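Descriptive structure summary
Take a look at the letters that make up each chain.
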Amino acid sequence: MIKATAPPFAHSDIGMAEFDDAPGRDARGPVLQLKLAARPASVPQARSILRQLLCEWHLDQLSDTATLLMSELITNAVKASEDDACRRKLRCKIIMASIRLSDTGLVLEVWDANPAAPVVHEVDLTSDGGRGLLMIECLGDKWGYHAADGGKVVWCEIAFPS
Ligand SMILES: Nc1ncnc2c1ncn2[C@@H]1O[C@H](COP(=O)(O)OP(=O)(O)OP(=O)(O)O)[C@@H](O)[C@H]1O
Ligand SMILES: [Mg+2]
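Residues numbered from 1 in each chain as written. Chains lettered and ligands numbered in written order. Predicted model: local features only at pLDDT ≥ 70, side-chain atom pairs only at ≥ 80, totals over all residues.

**Here's the deal with the overall build of the protein chain**
Helices and strands together make up the secondary structure of the protein chain, namely 3 helices and 6 strands. Counting helices and strands in the order they occur from the N terminus, the protein chain gives β-β-α-α-β-β-α-β-β. The buried share of the protein chain, reckoned over its 162 residues, is 33%. Taking the intrachain contacts of the protein chain between residues at least 6 apart in sequence as the baseline, contacts between residues at least 24 apart amount to 67%. (Helix = DSSP H or I, 4+ residues; strand = E, 2+ residues; numbered from the N terminus. Buried ≥ 20, exposed ≤ 12 C-beta atoms within 10 Å, placed from the backbone. Contact = placed C-beta atoms within 7 Å.)

Laid out in structure tokens, this is it:
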């Protein structure tokens, strides 16, 4: 895992330049960019780094929600990278995550190499899965996705406490 702090984004070899419709893209706040293996082990790594960072930023109040939503975003990105259409490509071995502040909140962005879009499922009590995006929708304040660099970025924002 490579960890870097660099406002604005330090562009990597796969590029992170196209986060243009996520909130506060132009804001020059602190940013942490993570390059992670597209493996389940990256989920607790990202969670732990995020928790530490929020503590440093005095945003501990957002920590529980943020770590949960980051886990969902990264888990989905790992699954998408293992998709048949993707997994033989070298690019699918990594995912990228960024943690930054906009004018209104904390923004989490996760890139994976699979261009397929996330789809919110209708679920009922008996459904096995399909709750990750619903959690992001309910616990976050905004979320979205857009194509980037042959894959896509899925992002969410958690508003600062009022
Ligand atoms: N990063 C992604 N890339 C491609 N498809 C995605 C991505 N994230 C989500 N999806 C699609 O959206 C669907 C809904 O995602 P969601 O996280 O809500 O449910 P899930 O991952 O299937 O189950 P759960 O998160 O409850 O374990 C997924 O089944 C998948 O088809
Ligand atoms: Mg999920």
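**Looking at the site of ligand 1**
Around ligand 1, a shell composed of 17 residues is seen, among which N76, A80, G129, G132 and L133 lie nearest. When residues of the shell around ligand 1 are traced back to their parent elements, those giving at least two are α2 (63-81) and α3 (132-139). Of the residues assigned to the shell around ligand 1, the class counts are 8 nonpolar, 6 polar and 3 charged. (Near = placed C-beta within 6 Å. Nonpolar A, V, L, I, M, F, W, Y, C, P; charged D, E, K, R; others polar.)

**With respect to the packing of α2 against α3**
As a packed pair, α2 and α3 sit with axes 9 Å apart at the nearest point and diverge in direction by 145 degrees. The way α2 lies across α3 gives a crossing that is left-handed. Contacts between α2 and α3 involve T65, L68, L69, E72, T75 and N76 on the former and, on the latter, G132, M135, I136 and L139. Across the contact of α2 with α3, the residue classes break down as 5 nonpolar, 4 polar and 1 charged. (Axes fitted to C-alpha atoms, helices over the stretch in contact; angles between N-to-C directions. Left-handed = near helix turned anticlockwise from the far one by under 90°.)

**Re the nonpolar core**
Ranked by internal contacts, the top residues of the largest apolar core, which has 35 residues, are L73, I74, I95, A97, L108 and V110. Those elements giving two or more residues to this core turn out to be β2 (31-37), α1 (42-56), α2, β3 (94-101), β4 (105-112), α3, β5 (142-148) and β6 (151-159). With 8 residues, α2 is the single largest residue contributor to this core. (Core = buried A, V, L, I, M, F, W, Y, C linked by C-beta atoms within 7 Å.)

**Observations regarding the confidence of the model for the protein chain**
Residues of the protein chain with pLDDT of at least 70 account for 83%, and the chain-wide mean is 85. By mean pLDDT, the top-scoring element of the protein chain is α2 (98), and the lowest-scoring one is strand β1 (residues 2-5) (40). Taken together, the stretch residues 1-20 has pLDDT below 50 and engages in 44 contacts with residues farther than four places along the chain or on a different chain. (pLDDT = per-residue confidence, 0-100.)

**Here's the deal with α2**
An ideal rise of 1.5 Å per residue puts 27 Å on 19 residues; α2 measures up with 26 Å between its terminal C-alpha atoms. Burial in α2 covers these residues: A66, T67, L69, M70, E72, L73, I74, A77, V78, A80 and S81. Tucked into the core, α2 has its buried residues touching α1, β3, β4, α3 and β6. (Expected span 1.5 Å × (residues − 1).)

**Focus: unusual backbone geometry**
Notably, H58 is not glycine yet its phi reads approximately 60 degrees, a positive angle. Notably, D149 is not glycine yet its phi reads approximately 55 degrees, a positive angle. Mapping D149 onto the fold places it in the loop between β5 and β6.

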